[in-house]
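# Tertiary structure, described
For reference, the chains in residue letters:
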Amino acid sequence: MVQLQWRLRSDQGQSTVEYAVVLGALAAVLAALGVLWRTFSSDLLVTHGLMAASHHVQAAVGWAVDVFLF
């Protein structure tokens, strides 16, 4: 029983757990940077922005025409 209490209060595995947590966080950051790099290199954000802007301009022109034709 004394040996079990000693194991529960021991700090022996703390550095291993901290290393695993930091390594997991670093892997997540690297994965996110990889996803961002692939998104920027494929011009996906620029294409999406241009498509959204063209819809906005068309809607704005239609709104102005509706105001002036009223």
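Data block above holds the structure.
Attention here is on the structure that accompanies the text. (Residues numbered from 1 in each chain as written. Predicted model: local features only at pLDDT ≥ 70, side-chain atom pairs only at ≥ 80, totals over all residues. Heavy atoms only, no water.)

## Some points on the overall build of the protein
Regarding its fold elements, the protein presents three helices and zero strands. Mapped in sequence order, the helices and strands of the protein form the string α-α-α. Within the protein, the proportion of its 70 residues that are buried is 0%. When the accessible surface of the protein is split by element, carbon and sulfur atoms take 71% of a total near 6,700 Å². (Helix = DSSP H or I, 4+ residues; strand = E, 2+ residues; numbered from the N terminus. Buried < 20%, exposed > 50% of the residue type's maximum accessible area, 1.4 Å probe, protein only. Areas by Shrake-Rupley, 256 points an atom, 1.4 Å probe, with all protein chains shown as cover.)

## What about a nonpolar patch on the surface?
Among the surface-exposed residues, Tyr19, Leu23, Leu26, Val29, Leu30, Leu33, Leu36, Phe40 and Leu45 lie close enough to one another that they form a single nonpolar patch of about 930 Å² accessible area. Looking at which element gives the most residues to the nonpolar patch, the answer is helix H2 (residues 14-41), with eight residues. Within the element layout of this structure, leucine 36 appears in helix H2. Using a relative accessible area of 44% as the deciding quantity, one classes leucine 36 as partly exposed. (Patch = residues over 30% accessible without salt bridge, like charges linked within 9 Å, V, L, I, M, F, W, Y side chains within 5 Å. Salt bridge = Lys/Arg side-chain N within 4 Å of Asp/Glu carboxyl O.)

## Things to note about H2
Taking 1.5 Å as the rise per residue, H2 with 28 residues should run 40 Å; its terminal C-alpha atoms sit 41 Å apart, in good agreement. Looking one or two residues past H2, aspartate 43 carries a phi angle of roughly 60 degrees, positive in sign. (Expected span 1.5 Å × (residues − 1).)

## Section: unusual backbone geometry
The residue aspartate 43 is not glycine, and still its phi comes out positive at about 60 degrees. Note on placement: aspartate 43 falls in the loop between H2 and helix H3 (44-69). Classification of aspartate 43 by relative accessible area gives partly exposed; the value is 43%.

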